[in-house]
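Topology and contacts: notes
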Amino acid sequence: MYRKKGEFTAEGIIPYSGEGDTVTITGAAVCTQVGCAYTGDEAVAYAAKQSDVDVVAAYPITPQTIIVERFSEYVANGEVDTKFMAVESEHSAMSACVGSSLAGARVFTSTASQGLALMHEALYLASGLRSPIVMAVVNRALSAPINIHGDHSDMMGSRDCGWIQIYAENAQEAYDCTIQAFKIAEDTRVQLPVSVNLDGFFVSHATESMKVISDEAVTQFLPPRKPLFKVDPTEPISVGGMLLPEYYYEVKRQQEEALRLSKPVVSSIGKEYGELTGRRYGLMETYGLEDADAAIIALGSTCGTVRSVAKQLRAKGKKVGAIKLWVYRPFPIEEFLSSVEDLKALTVLDRAISFGAPYGALCSDIASALQNTGSDLKILNMIYGLGGRDIPTSTIEQVFENTLETAKTRKVSERIKFLDVRE
Amino acid sequence: MSQKESLSERMKLKWKDMPIGGVMFEPGSTVEYRTGAWRVEKKPLIDQEKCIRCLICWIVCPDVSIERLPKSFKKYTESVEVDYEHCKGCGICAAECPVDAIEMVEESKIVP
């Protein structure tokens, strides 16, 4: 039942080769695709519809509401064969998802912010019981002060929950990643839940031009789930048993290994999706790193702004680059390290504060990945965009200038900088 | 395989050998987890001479720790005994016994 290491070769880093700023086109599509205008939320709901999910248990919360709303319309119109559970809270939503998933169903849900926080304990049940649930997390700030806009505090608050965590840059990626997420989660070599993160409002509510693939292509890419084991009265098993000091540790060790070994599965599924649609995915995407001295790494929608500014600066002859992590957990350590080998300075943009920590969460991961590698890459950490504060191109340009300066002087004056906060 | 042997066999399982997610593919494994050590202070002792085999203790035991064993004793064909590997020493059996055949004794007292 347990798969051993080395079954796959990783092809996690994908150099950005697109012409547009939002859609990654790296090859010719072999399936029928239709251009359309969707918001990020609508794109996710449509992806879930095409993925032929068996159960959706969800509770509405801004800015995720449209996903649940659209999906319930699909159910009401008889467009999907899905059991839709309108539960009374996110805690119940995730609990119902875990039960359904263990019974062998393909399960989808979505939430945001306080909803994700309320789910927190059940997130660990999903990963601990190896339930391949797919959840769209529409990233939103956490209270207090109450705020409905986008930042990464919610998912970062639950980042150690053992889920595969994917960050989408735009509506197209949110759609593509949702379809891939089912295939990744349900792969019996992985058998773990996946969260697809999209920035609240920036992605969730902005209508974008994108492409959807045909239902047939989705079915071909994503056949019905074949569970490794399931709760079935004809063949009884026990799940969720109490495992005390004699066994608990071993099960958690398995879980950690499964998350780490999901990397090559994510890469190969991203490649397969690329062959089908022309939009290639993997663990991370790089831009301009072949000759860059300074680069910015970020998650989610900001990556588009960063790449756009990098493109303008490169046109002026500045040696800058950009890194986008699609997959934040499992952290693509080796892939990241090999991508920054020739880099001199890197700014890490964190859209959440890890209160009292040496750095923001993403920067802490990067700093620890670099530990003991002998790298003399200078790291700058900048917190930005909390509670939905916009991050304009002018700010990104300034960050690139600072990073280039650090690449030259090799000096880092501040451990953490708070971008665009009124001082 | 006795309960004891099967448990010690399983304790040799390494993390790669165990079913994922702590799933249990065989029923009734709880009995292999011996919880009698959680008992504090006193344990029940059944006097086979006084016991009338009414099985009230068997019904009321919250931990399914009263065993009916096929050992004939005088006019009875079974004997009613305590499974000390699971009994928590709550004393409900002793309190409910209609003939006072169950006594809560010190943990250190040797069971005949």
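Calculation rules
Residues numbered from 1 in each chain as written. Chains lettered and ligands numbered in written order. Predicted model: local features only at pLDDT ≥ 70, side-chain atom pairs only at ≥ 80, totals over all residues. Domains from an automatic or database assignment. Contact = placed C-beta atoms within 7 Å. Helix = DSSP H or I, 4+ residues; strand = E, 2+ residues; numbered from the N terminus. Nonpolar A, V, L, I, M, F, W, Y, C, P; charged D, E, K, R; others polar. Core = buried A, V, L, I, M, F, W, Y, C linked by C-beta atoms within 7 Å. Buried ≥ 20, exposed ≤ 12 C-beta atoms within 10 Å, placed from the backbone. Pairing = 2+ DSSP bridges. Axes fitted to C-alpha atoms, helices over the stretch in contact; angles between N-to-C directions.

It is worth spelling out the domain arrangement of chain A at this point. Residue and element names in this part refer to chain A. As far as domains go, chain A holds domain 1 (30-277) and domain 2 (285-418). In this structure, domain 1 and domain 2 have C-alpha centres spaced 28 Å apart. With 28 residues of domain 1 in contact, the opposing surface of domain 2 contributes 21 residues. Among the secondary structure elements, those contributing two or more residues to the side of domain 1 that touches domain 2 are helix 5 (153-157), strand 7 (164-167), strand 8 (194-199) and helix 8 (248-277). It is helix 8 that contributes the most residues to the side of domain 1 that touches domain 2, five residues altogether. Each residue belonging to the side of domain 1 that touches domain 2 can be placed in one class, and the counts come to 12 nonpolar, 10 polar and six charged.

V44, I166, A174, V194, V196, A295 and I297 of chain A are the most contacted members of the largest nonpolar core, which has 121 residues in total. The element contributing the most residues to this core is helix 6 (residues 171-186) of chain A, with nine residues. For this core, the two domains that each supply at least three residues are domain 1 (30-277) and domain 2 (285-418) of chain A. Among the nonpolar cores identified, the runner-up in size contains 12 residues, and I46, V82, C93 and I102 of chain B belong to it.

Turning our eyes to something else, we now look at the sheet that holds strand 12 (residues 320-325) of chain A. All names here are of chain A. In space, the seven strands of this open sheet follow the order 1-10-12-11-14-15-16, with mixed pairing throughout. A strand with exactly one partner marks an edge of an open sheet, and here the two such strands are strand 1 (13-15) and strand 16 (416-418). Within the sheet, the average angular offset between the axes of one strand and its neighbour, ignoring direction, is 25 degrees. For strand 10 (residues 284-287) and strand 12, the ladder comprises four bridges, and the chain directions are antiparallel. Residue pairing for strand 12: M284 is matched across the bridge by L325. In the packing of helix 11 (residues 361-370) onto the sheet, contacts are made with strand 11 (294-298), strand 14 (345-350) and strand 15 (378-383), and the angle to strand 14 comes to roughly 145 degrees. Running over the sheet, helix 12 (residues 393-409) touches strand 11, strand 12, strand 14 and strand 15 and is turned about 130 degrees from strand 11.

Listed per partner, the contact involves 19 residues of chain A and 12 residues of chain B. Element by element, the count of residues in the side of chain A that touches chain B is highest for helix 8 of chain A, at four residues.

This part covers unusual backbone geometry. Note the cis peptide between T62 of chain A and P63 of chain A, where omega equals 0 degrees. By the element assignment, P63 of chain A lies in the loop between strand 3 (55-58) and helix 2 (65-76). Despite not being glycine, N372 of chain A has its phi angle at roughly 65 degrees, a positive value. Its location among the elements puts N372 of chain A in the loop between helix 11 and strand 15. Exposure remark for N372 of chain A: the 7 C-beta atoms within 10 Å place this residue in the exposed category. Phi is positive for D100 of chain B, which is not a glycine, with a value near 50 degrees. Residue placement: D100 of chain B occurs in the loop between helix 3 (92-96) and strand 4 (102-106).

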